[in-house]
Amino acid sequence: LRQALSLGEVRDIPRFSLFNISFGLEVIALILSAVADVSREDQELIKKNPEAGAAFISRITFNWFNSMVIKGFKQPLVQEDMWELNEVETTAHISESFQQHVRSELGKARVRFQKTLKKRVVKNALQEETSQTGFTNRMGKGVSQDVLMMEDKKENKDEKKKKEEKSYPSDWLIMSIYKTFKWILIESAFFKLLQDLLAFVSPQLLKMMISFTQKPSSYDWEGYLYAVLLLVVALLQSLFLQQYFQRCFVLGMKVRTAIMAAVYKKALVMSNDNRKESTVGETVNLMSADAQRFNDVTNFIHLLWSCPLQIVISIVFLWIELGPSVLAGLAVMVLMVPVNGLLANKARKLQVENMKFKDKRLKIMNEMLNGIKILKLFAWEPSFQAQVEGIRGEELKVMRKFAYLTSVSTFVFSCAPALVSLATFAVFVGVSPDNVLTAEKAFTSISLFNILRFPLAMLPMLIASIVQTSVSKKRLEKFLGGDELESDIVRHDSSFNSAVSICDGSYAWERDAEPFLKNLSLDIKPGRLVAVVGAVGSGKSSLMSALLGE
């Protein structure tokens, strides 16, 4: 086309004609690619969820979602307006996949933990043997005092051993989440990497454009090229960023769903020993507050590697522009790290304290709701209200302190980019009279500092979110890693001629406790109506629990 325009004639008419026909067909093919080719079988599925049949262009621009936006604009949306979920996003599918990985990772962690525990036991036995030898050598010198001290140490060791046996290995939950959702994590990481790299193309294009304006001898097409490239890079950045965000928010929803389902299922099969340690309020908190923490942190989990990457690349380009003067700005950033560390440590302690108050408050609220009839009859509302308000007041004090810490952290890092820019430019100009801050250097450096602003601003929020999630992780690992009721205690055998059969059974509510029901034998034939009669506390409900294997 350019050749034909410059010469004013077409030399090779057949080739020129075929090229235009071919190019026209390619443009039509591009337009048609925006329309999905859907089979009749899939049409019903698309009515339930348009995303399933969305074409490539519709997916990258989220055009398939427009109908929901228009409907929401015309009238308030209700539950019936919602589309059905994709199969991979349903709770049943997510929970099944997550539970498989939880069982696998928890099994591996317990094996590692048992090996570590055995090593500790052997080490402790050797230490005791050594101390016994030393004790024998000191016989006759304050024997009674040594014996007392040894008894105390033994008791402390027994208590410590019990605590160690109850504590479960950590990090298996994170590995389970990673293995369940690793592909969506990898996809979102790929889009984030592309977006981060493209972010550094714009300052370089800006630098070329400024140098183009300062050279009168440059061709005009160069300027147009740089302007068009700036637009294209910005469009690509936006497309990659939105795909990254969409995957991260879907990931957060899936992680939250998986944790809530896991906690609910665990609550149904927990052993009685663990049930005593976990109140109803704590279980509700695990499903709401702690699951939400994981949702929040997974939305921005890639910033853990993205922020350092952006900071490093920014510093490299700034070094090219301003030389060693950039170290002054880097020093300002390094000085802010210990400040942020102190704030994060304090925030973690406040978060642990806050969750304890929240568990206590929800426990009382649950007891109040369960016994609301008695509470109303005896007019105990003011007394219970005072208790709940007292705990809530303590909770609010901790939350207020946490808010102050967050404000200080945000303020420090909001000032960071300005302080870094000021320190760098001041040192660059002051070091040598030869260093001139030209428009090219200034605008390029400011663009790079603007890129640097985002990771510096996000780091404190990300650290605060990770600190809160680490507290929730420990709570969830303790709950989900607890012992379960043995599913094979109650056998279902069709060869027996009885509906229910117990032979010399003894049952206890705790593993090492004295049996509550002793030498129990029971044989109920099919179709019989049997009543269990006894005084309060004689074990009627315990018998029912025994039959259920609880």
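Remember, predicted model here, so these are calculated numbers, not experimental data.

(A) Structural context of the UniProt feature "domain: ABC transmembrane type-1" (unreviewed entry) in the chain. Residues annotated in UniProt with the feature "domain: ABC transmembrane type-1" (unreviewed entry) correspond here to residues 188-468. In residues 188-468, helix accounts for 90% and strand for 0%; the two terminal C-alpha atoms are 23 Å from one another.

(B) The UniProt feature "transmembrane region" (unreviewed entry) in the chain, seen in detail. The positions that UniProt labels "transmembrane region" (unreviewed entry) are, in the present scheme, residues 223-241, 300-320, 326-345, 402-431 and 451-471. Spanning residues 402-431, this segment combines 100% helix with 0% strand, and its end C-alpha atoms are found 42 Å apart. When the span residues 451-471 is considered, its composition is 100% helix and 0% strand, and the gap between its end C-alpha atoms is 32 Å.

(C) View of the domain arrangement of the chain. For the chain, the assigned domains are domain 1 (1-74), domain 2 (172-481) and domain 3 (500-548). Here the C-alpha centre of domain 2 lies 38 Å away from the C-alpha centre of domain 1. Each partner contributes residues to the interface: domain 1 has four residues there, and domain 2 has four residues. Together, the buried faces of domain 1 and domain 2 total about 330 Å²; carbon and sulfur atoms form 63% of this surface. Contact with domain 2 buries area across many residues of domain 1, yet Glu 51, Ile 60 and Phe 62 alone supply 89% of it, more than any other trio. There are one residue pair in polar contact (both at pLDDT 80 or more) connecting domain 1 and domain 2. Its residues assigned to classes, the side of domain 1 that touches domain 2 shows two nonpolar, no polar and two charged.

(D) Region of the structure containing the side chain of Asn 299. Mapped onto the secondary structure, Asn 299 falls in helix H13 (residues 280-299). Using a relative accessible area of 8% as the deciding quantity, one classes Asn 299 as buried. When sequence neighbours within four positions are dropped, the list of residues in contact with Asn 299 reads Tyr 244, Cys 248, Phe 249 and Gly 252.

(E) Summary view of the environment of Ser 472. Examined against the element boundaries, Ser 472 turns out to sit in helix H18 (residues 439-480). The spacing of Ser 472 and Phe 294 is 178 residues in sequence and 8.0 Å in space, taken between C-alpha atoms.

(F) Representation of a nonpolar patch on the surface within the structure. Together, Leu 1, Phe 19, Phe 23, Val 27 and Ile 31 make up a nonpolar patch on the protein surface, roughly 510 Å² of accessible area in all. Position of Phe 23 among the secondary structure elements: in helix H2 (residues 13-32).

(G) Layout of helix H17 (residues 381-431). The terminal C-alpha atoms of H17 lie 73 Å apart, and with 51 residues this matches the ideal 75 Å at 1.5 Å per residue to within 8%. The largest bend along H17 measures about 35 degrees and falls at Ala 416, with the proline Pro 417 one to four residues further on.

(H) Just a positive patch on the surface, in detail. Together, Lys 346, Arg 348, Lys 349, Lys 401 and Lys 474 line one region of the surface with positive charge. It is helix H15 (residues 326-370) that provides the largest number of residues to the positive patch, a total of three residues. Mapped onto the elements of the fold, Lys 401 is located in helix H17. Residue Lys 401 is classed as partly exposed on the basis of its relative accessible area of 49%.

(I) Local environment of the pattern of salt bridges. For the coordinates displayed, the defined rule picks out 15 salt bridges. The shortest N-O distance in the salt bridge between Glu 105 and Lys 108 comes to 3.7 Å. Here the residue Glu 105 and the residue Lys 108 both occupy positions in helix H6 (residues 91-137), the gap between them amounting to three residues, near one helical turn. In this structure, Lys 518 and Glu 514 form a salt bridge, with 3.4 Å as the shortest nitrogen-oxygen distance. Given the relative accessible area of 60%, Glu 514 is considered exposed. Via salt bridges that share partners, Glu 105, Lys 108 and Lys 179 belong to a single interconnected network.

(J) Examining unusual backbone geometry more closely. Positive phi, normally seen in glycine, also occurs at Phe 62, with a value near 60 degrees. Residue placement: Phe 62 occurs in the loop between helix H4 (56-61) and helix H5 (66-74). Classification of Phe 62 as partly exposed rests on a relative accessible area of 22%. Positive phi outside glycine occurs at Asp 504, with the angle close to 50 degrees. With respect to the helices, strands and loops of the structure, Asp 504 is situated in strand S1 (residues 500-507). The exposed category is assigned to Asp 504, whose relative accessible area is 53%.

Criteria and thresholds
- The residue numbering used here restarts from 1 in each chain and proceeds along that chain's sequence as written.
- With the structure being a predicted model, the display of local features is reserved for residues of pLDDT at least 70 and the display and counting of side-chain atom pairs for 80 or more, all residues being used for whole-chain, interface and lining totals.
- Hydrogens and waters are ignored; side-chain quantities use all the structure's heavy atoms.
- UniProt positions are given in the numbering used here, feature names are shortened, and annotations may be inferred rather than shown by experiment.
- In DSSP terms, a helix is any run of H or I states spanning at least four residues, a strand is any run of E spanning at least two, and both are numbered starting from the N terminus.
- In this entry, domain limits derive from an automatic or database-based domain assignment.
- Two residues qualify as a contact provided that any one of their heavy atoms is within 4.5 Å of a heavy atom in the partner residue.
- Here the quantity called buried area is the accessible surface, traced with a 1.4 Å probe, that two parts lose on coming together, added over both.
- Distance and chemistry together define a polar contact, namely a pair of N or O atoms within 3.5 Å, with one atom able to donate a hydrogen and the other to accept it when in protein, and with adjacent residues in sequence counting only for side-chain atoms on both sides.
- The residue classification treats Ala, Val, Leu, Ile, Met, Phe, Trp, Tyr, Cys and Pro as nonpolar and Asp, Glu, Lys and Arg as charged. All others, Gly included, are polar.
- Note on exposure labels: buried denotes an accessible area under 20% of the residue type's maximum, exposed denotes more than 50%, and partly exposed covers the range between, all computed with a 1.4 Å probe on protein chains only.
- Here a patch means residues that are over 30% exposed by relative accessible area and free of salt bridges, tied together within 9 Å if like-charged and within 5 Å if nonpolar (Val, Leu, Ile, Met, Phe, Trp, Tyr).
- Note that accessible areas follow from Shrake-Rupley with a 1.4 Å probe, and for residues the cover is restricted to the protein chains shown.
- By convention in these notes, a salt bridge is any Lys or Arg side-chain nitrogen within 4 Å of a carboxyl oxygen on Asp or Glu.
- Here a helix's expected span is defined as the number of its residues, less one, multiplied by 1.5 Å.
- One axis fitted to the seven residues ending at a residue, another fitted to the seven starting there: the angle between these axes is the bend at that residue.
- Counted as positive: Lys and Arg. Counted as negative: Asp and Glu, with His and the chain ends omitted from the count.
- For this purpose, a charge sits on NZ of Lys, CZ of Arg, CG of Asp or CD of Glu.

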